[in-house]
Amino acid sequence: MPHWLQLMLDSLAPLLWAGLVFTVPLTLLSFAFGLSLGFLTALARLYGPRPLVAVARFYVWIIRGTPLLVQLFVIFYGLPSVGILLDAFPAALIGFTLNVGAYSSEIVRAVIASIPKGQWEASYSIGMSWWQALRRTVLPQAARTAVPPLSNTFISLVKDTSLAAAVTVPELFQAAQRIVATTYEPLIIYIEAALIYLALSSVLSVLQDRLERRLARSSGLSPEGA
Amino acid sequence: MIRLADIEKSFDGQKVLKRVSLAVREGSVTALIGPSGSGKSTLLRCVNLLEIPEAGELVIGEAAVRFTGRALDREAVRRIRRQTGMMFQNFQLFPHRTALGNVMESLVVVLKWPEDKARARALELLEKVGLAHKVDAWPAQLSGGQQQRVAIARALASSPSVLLCDEPTSALDPELSLEVVEVLAQLAREGTTMLIATHDLRLAARVAQDAMLLDAGEVVESGPAAQLFACPRHERTARFIATLGHPVIAV
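The name an unreviewed UniProt entry assigns to chain B is Amino acid ABC transporter ATP-binding protein, from the organism Ancylobacter defluvii. Looking at the Subcellular location (unreviewed entry) heading of the UniProt record, one finds this comment for chain B: "Cell membrane". In the Sequence similarities (unreviewed entry) part of its UniProt record, chain B is described as follows: "Belongs to the ABC transporter superfamily."

Chain A goes by Cysteine ABC transporter permease in an unreviewed UniProt entry, where it is assigned to Ancylobacter defluvii. Comment text from UniProt for chain A, heading Sequence similarities (unreviewed entry), reads "Belongs to the binding-protein-dependent transport system permease family. HisMQ subfamily."

This is the structure in structure tokens:
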């Protein structure tokens, strides 16, 4: 067996383990929390009273305008000096959640705003309240349009979790760094780590495709839209 | 009985309804006609509070609202909407629900009927509008005339006391509009109270007993439809009816 293959096989288990225990949970949790935060932020910007709109805009402005790595450092290394001490994993989770929240709020806002006014009026005309119209009429239609851009956010997130290595989360990329430190084989090990990220995002692409097809079927439309 | 009294409405400071009053007897059909921008659609939308007038009064059966320029309380809006059904020029069916789902929606979501009771009622209505064979179709799979007939069934599902029709045939070619006119005429014969904003004289003459001509937010003339179409009292009415280009049909 060639040397590089042996090396890859030997390091596969620790890398996959780190991915399974840290990368995947970090991704799933921050996406779930981030999407909820994004949804609330979008509602605040679209329908909230003026002060709330200002808060939501400020939040999106800060998060989108500063580097994710810097945000993680502020949360993990910076906050302890004001008495807020977080473990690495929760610190990373907060950072990624805030990030996904800001980006996804723009997507949610756009897709909700894209639903024609007539759909709201039709809902009101049959007696629905604002909330019922949103939940029953607007969101199901908006969700269809939101799948591709939200999938983008999700796939970016999988890769961005590698930044958590810098705040001491022992996730996939940090595991790779540690193996490199003992084997001195950066090319092989980092390529292996890259391939695992590639596999994870490929799984998500396939899931996105299936979800799009399913949503398209439930409206009698072709998957390519209109 | 539906009564609108001294309704005033403006958009961006532009008055679109100027002290308009209108009464529709129970079981009768009134056609609102007039050129584009005359305010007929706005008046119709005031009846189910999609537009909130600045002044005037609206009475539908037991429910009454007086407009003062202040926001209405939610309960008042709910009481009025509960008694109205509406169809739109562009149908506005819910594209993510089947024909059956569209009709069931108000029963299940608003009236909280059990699923099977709502389904039975919706099937009955779809049969009535001649779409028993299309209950599982998506709106995208239906012709314009079929979509508008689903919209009629949806508007009638919760048994409103008045059906509001906003240009119900304007988006349809003459052949497709005929099937919608047929259904509306059938409903009129059965005593459905309707208020129809339309350019379509064929629809108005066929379905309405009463008619009102609006121009620039004011009532020009109102009276029995046959008389208003055949021998209008006002020169403005005659001119408008002549522009519709249809031979005037006596009813």
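As for helix α1 (residues 3–47) of chain A
Under the 1.5 Å per step criterion, the end-to-end length of α1 of chain A is 61 Å for 45 residues, consistent within 8% with the ideal 66 Å. If you look at α1 of chain A, its biggest bend is around 40 degrees, right at Leu12 of chain A, and the proline Pro14 of chain A turns up within four residues after that.

Focus on the sheet that holds strand β5 (residues 63–67) of chain B
Think of a sheet as strands paired side by side through backbone hydrogen bonds, with each pair either parallel or antiparallel. Residues and elements named next belong to chain B. Sheet architecture is open: four strands sit in the order β2-β1-β4-β5, paired in antiparallel fashion. With partners counted over all chains shown, the strands left at the sheet margins are β2 (14–24) and β5, one partner each. Put simply, the sheet's adjacent strands are angled 15 degrees from each other on average, direction ignored. As judged from the seven bridges shared by strand β1 (residues 2–11) and β2, these two strands associate in the antiparallel manner. Directly across from Ile2, in β2, lies its bridge partner Val24.

Things to note about the sheet that holds strand β6 (residues 84–87) of chain B
Residues and elements named next belong to chain B. Reading across the sheet, the six strands line up as β6-β7-β8-β3-β9-β10 and stay open at both edges, with mixed pairing between neighbours. The open sheet terminates on both sides in strands that have one partner only, identified here as β6 and β10 (218–224). Averaged over all pairs of adjacent strands, the angle between their axes in this sheet comes to 15 degrees, without regard to strand direction. Helix α9 (residues 235–243) rests against β3 (29–33), β9 (210–215) and β10 of the sheet, and its axis sits at about 95 degrees to β9.

Observations regarding the environment of Leu32 of chain B
All names here are of chain B. Summarising the element assignment, Leu32 is placed in strand β3. The class for Leu32 is buried, based on a relative accessible area of 0%. Taking the C-alpha atoms as reference, Leu32 lies 26 Å from Ser143; in sequence the two are 111 residues apart. When sequence neighbours within four positions are dropped, the list of residues in contact with Leu32 reads Leu22, Lys40, Leu43, Leu44, Leu195, Ile196, Ala197, Thr198 and Met212.

Quick notes on the rules
- Residues numbered from 1 in each chain as written.
- Chains lettered and ligands numbered in written order.
- Predicted model: local features only at pLDDT ≥ 70, side-chain atom pairs only at ≥ 80, totals over all residues.
- Heavy atoms only, no water.
- UniProt positions renumbered as here; feature names shortened; annotations may be inferred.
- Helix = DSSP H or I, 4+ residues; strand = E, 2+ residues; numbered from the N terminus.
- Expected span 1.5 Å × (residues − 1).
- Bend = angle between axes of the 7 residues up to and from the residue.
- Pairing = 2+ DSSP bridges.
- Axes fitted to C-alpha atoms, helices over the stretch in contact; angles between N-to-C directions.
- Contact = heavy atoms within 4.5 Å.
- Buried < 20%, exposed > 50% of the residue type's maximum accessible area, 1.4 Å probe, protein only.

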